[in-house]
Amino acid sequence: MADLFDIEKLEEKVILVGVSTSDDDDTMESLDELTDLASTAGAVTVGRIIQNREQVHPGTYIGKGKIQELREMVYELSATGVICDDELSPAQLRNLEQELDIKVMDRTLIILDIFAARASTSEGKIQVELAQLKYRLARLVGLRSSLSRLGGGIGTRGPGEKKLEMDRRLIKDRIAQLGRELADVKRHREVVRMKRSKNQTLVAAIVGYTNAGKSTLLNHLTDAKVLEEDKLFATLDPTTRMLALNGGQEILLTDTVGFIRKLPHHLIEAFRSTLEEAKYADIILHVVDASNTQMEKQMFVVYETLANLGVTDKTVVTLFNKQDRVIEKETLRDFKADKTLCISAKTGEGLEELKNILEQILQEKNILIERIYPYADAGLIQLIRKYGQLLEEDYRAEGIYVKAYVPMEIYGNVTG
């Protein structure tokens, strides 16, 4: 597989453009987030424009008057690019570039660009390149006229100019090849999941909005040494680690890709096998940045994304993280969660209580047994030790007395 390559970052000055279609939408907050995305991708935001319209202009995203205003702003601020807050159609992209005579990008392209920079494993690189090629294939005709302006800066990582010059057949061939490689990855993931299921190991998937503190939580609990950065999508590749609970039981913790509003469908498709870690998990640990003013909207995006992935009927524990940053403490609720807890993954506040909650959930999923085993069946007790929680063990004349919690899956094996 050809490696994704980075083009040396050029400091770009960009203007953000959004369309507000109702009085109660979150366009302003979405542009604030787009500012962070642009910064993560290596650009400086020098201005922004919001147009109030009943709907997005089908041909140019914004109307003629706003295009003129944007053209003047580009000149006055010496901007090198424009970023629109929604995914543009090929026609919108082409028409805007012709009107403004400047590089035009959309939210999807910026997120793909960040993912290209963050991908470190072969799986991550396959997923990102596949998403980028699908995105660019649809825009190939419109982009050819402006290839001379795509020589560097944000929005050009990964496949980049070299692959944009390929014809559609070559790009489709590459997409097919990456699809086969991704299918192999998916089969490998399924084998790993089957092994976990066979070993009766319960899995908790850590999900949440990007930059909510998922990696910090995994590191503090398991010493996973995952990169922690106060940036959007600081970690891309999922990490799985074993967590030993206080009662001796073990549970697997799996980090997942951070969610974000308007998460590109190209990415959801490409990262489906990774994101589906949540689908096959027994418990969902929903990490929320309690210090963020957009906390409730971010929680909505997470649940919406989980629903799109088919993640339903799971035990959900919502963790209101970053309590060390919360100035005014208030009662926090999540009516979709089975349990909630205030924590600080950075300082460790609440993490012992989290372990107790996980242990309690495991016990609820287990069955209490109390019986005497003949000495000839002592091997069954090893099975209980491995997969259950041994509460009492007493060697008596008539056999070995055992009181323990065991998973439903092995109950028949140790009582039959």
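Residues numbered from 1 in each chain as written. Predicted model: local features only at pLDDT ≥ 70, side-chain atom pairs only at ≥ 80, totals over all residues. Heavy atoms only, no water.

## Thoughts on the overall build of the protein
Reasoning step 1: For the protein, the helix and strand inventory stands at 15 helices and 13 strands.
Reasoning step 2: Here the protein holds 416 residues, and 53% of them are scored as buried.
Reasoning step 3: Restricting to contacts in the protein with at least 6 residues of sequence separation, those with at least 24 account for 69%. (Helix = DSSP H or I, 4+ residues; strand = E, 2+ residues; numbered from the N terminus. Buried < 20%, exposed > 50% of the residue type's maximum accessible area, 1.4 Å probe, protein only. Contact = heavy atoms within 4.5 Å.)

## As for the pairing of strand β7 (residues 250–255)
Reasoning step 1: Burial within β7 is extensive, with five of its six residues counted as buried.
Reasoning step 2: Relative to β7, strand β5 (residues 202–208) runs parallel, the two being bridged by five bridges. Within β7, the position partnered with I206 by the bridge is D255.
Reasoning step 3: Counting the residues between successive antiparallel strands, the hairpin from strand β6 (residues 240–244) to β7 contains five residues, one of them, G248, with a positive phi of roughly 100 degrees. (Pairing = 2+ DSSP bridges.)

## Structural notes on helix α5 (residues 122–137)
Reasoning step 1: The end-to-end C-alpha distance of α5, which contains 16 residues, comes to 22 Å, matching closely the 22 Å that a straight helix rising 1.5 Å per residue would cover.
Reasoning step 2: Here α5 lies mainly inside the structure; 13 of its 16 residues are buried. (Expected span 1.5 Å × (residues − 1).)

## A short note on the packing of aromatic side chains
Reasoning step 1: Under the defined criterion, the tally for this structure stands at one aromatic pair.
Reasoning step 2: The lysine or arginine in question, R371, covers the ring of Y373, its NZ or CZ lying 5.1 Å from the ring centre. (Phe/Tyr/Trp six-rings, centres within 6.5 Å; stacked < 30°, edge-to-face > 60°. Lys NZ or Arg CZ within 6 Å of the ring centre and 35° of its normal.)

## Considering the sheet that holds strand β11 (residues 366–373)
Reasoning step 1: In spatial order, the strands read β11-β13-β12; together these three strands make up an open sheet with antiparallel pairing. A strand with exactly one partner marks an edge of an open sheet, and here the two such strands are β11 and β12 (389–396). In this sheet, adjacent strand axes meet at a mean angle of 10 degrees when their direction is disregarded.
Reasoning step 2: In this structure, β11 lies alongside strand β13 (residues 399–407), joined through eight bridges in antiparallel fashion. (Axes fitted to C-alpha atoms, helices over the stretch in contact; angles between N-to-C directions.)

## A closer look at the environment of C84
Reasoning step 1: Mapped onto the elements, C84 comes out in strand β3 (residues 81–84).
Reasoning step 2: Along the backbone, C84 and Y61 are 23 residues apart, and their C-alpha atoms lie at a distance of 8.3 Å.
Reasoning step 3: With residues up to four places along the chain from it excluded, the contact list for C84 reads V17, L34, Y61, L96, V104, M105, D106 and R107.

## Digging into the pairing of strand β2 (residues 43–52)
Reasoning step 1: Inspection of the sheet shows strand β1 (residues 12–20) paired to β2 by nine bridges, in the parallel sense. Bridge pairing in β2 places S20 opposite N52.
Reasoning step 2: Note that the unit made of β1, helix α1 (residues 27–41) and β2 has a crossover that is right-handed. (Right-handed = clockwise from strand over helix to strand, strands pointing away.)

## Focus on the sheet that holds β1
Reasoning step 1: Strand order in the open sheet formed by four strands is β2-β1-β3-β4, and the pairing between neighbours is parallel. Either end of the sheet is taken by a strand with one partner, and the two such strands are β2 and β4 (103–106). Pairs of neighbouring strands in the sheet enclose a mean axial angle of 25 degrees, with direction left out of account.
Reasoning step 2: As judged from the four bridges shared by β3 and β4, these two strands associate in the parallel manner. Following the sheet pairing, C84 is matched in β4 by D106.
Reasoning step 3: Along the sheet, helix α2 (residues 64–77) contacts β1, β2 and β3; its crossing angle with β2, the most-contacted strand, is approximately 160 degrees.

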